[in-house]
Amino acid sequence: MVLRELGAADADAIAGWSRDEDFCRAAGWRIQPVEQHREFQRRLIADSPTDLLRLAAVQDGRLVGYVDLHGNDPHRRELGFLVGPREIWGQGLGMAVATVGIRYGFQVLGLKEICAEALEANRASIRILQRVGMTETGWGDMDTHLGRASRYRQFAIAAE
């Protein structure tokens with residue numbers, strides 16, 4: 001698994017994942033036409049907010065997801081990650097993507113701490129955050145996951 005900068009072709013691939021309404025619901029994406037997702041992804045890649053570093057996660061030459069490192073603090077960022085399309089879920093890619101995201105944050109960005117949060121109802125994401133060595137630090141806001149009310153569980157990991 002490697003991380004690289006996102007390109008225009010990646011916007012098309014990521015937008016393609018939105019054809020699957022179950023994927024959209026699980027990922028917390030709004031269900032809308034693929035073209036709207038494509039335009040959003042293209043704009044995000046071309047002009048990312050200053051507090052978002054989004055990198056393509058690539059395995060065997062294929063885009064399998066992305067990693068987000070949110071924030072402007074030079075020592076601490078928030079990890080986010082997504083694996084797509086849904087057909088490749090359940091193959092350990094979430095763990096691999098989260099791991100390379102953490103490694104990138106510590107080794108390339110020189111971060112001292114990486115935090116993350118996941119809705120309690122999203123058991124797969126909770127397991128991944130625990131398995132990559134993050135420690136639970138508290139509770140966040142309420143939201144919904146797949147139509148079920150849930151509270152965010154917060155995690156962090158420090159550089160060794």
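Above this text you will find the structure in question.
The following paragraphs examine the structure supplied in this document.

Analysis parameters
Along each chain, residues carry numbers from 1 onward, in the same order as the chain's sequence is written. In keeping with the predicted nature of the model, local features appear solely for residues at pLDDT of at least 70, side-chain atom pairs appear and are counted solely at 80 or more, and the whole-chain, interface and lining totals rest on all residues. The side-chain values count all of the structure's non-hydrogen atoms but skip hydrogen atoms and water molecules. Secondary structure elements are defined from DSSP: runs of H or I of at least 4 residues count as helices, runs of E of at least 2 residues count as strands, and each element is numbered from the N terminus. The contact definition used throughout considers only heavy atoms, calling two residues in contact when any of these lie within 4.5 Å. Ring geometry is summarised as follows: Phe, Tyr and Trp rings, the Trp one being its six-membered ring, pair when their centres sit within 6.5 Å, and such pairs are stacked at plane angles under 30 degrees, edge-to-face over 60 and tilted between the two. Under the scheme applied here, a residue whose accessible area is under 20% of the maximum for its type counts as buried, over 50% as exposed, and between as partly exposed, the area being computed with a 1.4 Å probe on protein chains only. Only C-alpha atoms enter the line fits that serve as axes; for helices the fit covers just the stretch in contact. Angles between N-to-C directions range over 0 to 180 degrees. For classification purposes, an angle smaller than 35 degrees is called roughly parallel, one larger than 145 roughly antiparallel, one from 65 to 115 roughly perpendicular, and anything else oblique. Handedness of each helix crossing follows the sense of rotation of the near helix against the far helix: counterclockwise by less than a right angle gives left-handed, clockwise gives right-handed. In this classification, Asp, Glu, Lys and Arg are treated as charged, Ala, Val, Leu, Ile, Met, Phe, Trp, Tyr, Cys and Pro as nonpolar, and every other residue, Gly included, as polar.

## Focus: the side chain of D20
Step number 1: If you trace the backbone, D20 turns up in the loop between helix 1 (8–16) and helix 2 (21–27).
Step number 2: Among all residues touching D20, those that are not within four sequence positions of it are R86 and E87.

## A short note on the packing of aromatic side chains
What characterises a pair of aromatic rings is the spacing of the ring centres plus the angle enclosed by the ring planes.
Step number 1: Summed over all chains, the structure comprises three aromatic pairs.
Step number 2: With 5.1 Å between their ring centres and 80° between their planes, F23 and W29 make a pair best called edge-to-face. Both residues of the pair, F23 and W29, belong to the buried class.
Step number 3: Taking the centre distance of 5.4 Å and the plane angle of 35° together, the rings of F23 and W89 count as tilted. Taken as a pair, F23 in helix 2 and W89 in the loop between strand 4 (76–83) and helix 4 (93–107) lie far apart in primary sequence, 66 residues in all.
Step number 4: Owing to a relative accessible area of 0%, F23 belongs among the buried residues under this scheme.
Step number 5: Exposure remark for W89: the relative accessible area of 34% places this residue in the partly exposed category.

## Comments concerning the packing of helix 1 against helix 3 (residues 34–46)
Step number 1: Running from N to C, helix 1 and helix 3 cross one another at 140°; their axes reach a closest spacing of 8 Å. It follows from the interaxial angle that helix 1 and helix 3 lie oblique. Crossing geometry of helix 1 relative to helix 3 is assigned as right-handed. Across from A11, D12, I14 and A15 in helix 1, the residues of helix 3 making contact are V34, H37, R38, Q41, R42 and I45.
Step number 2: Class assignment for the residues of the contact of helix 1 with helix 3 results in five nonpolar, two polar and three charged.

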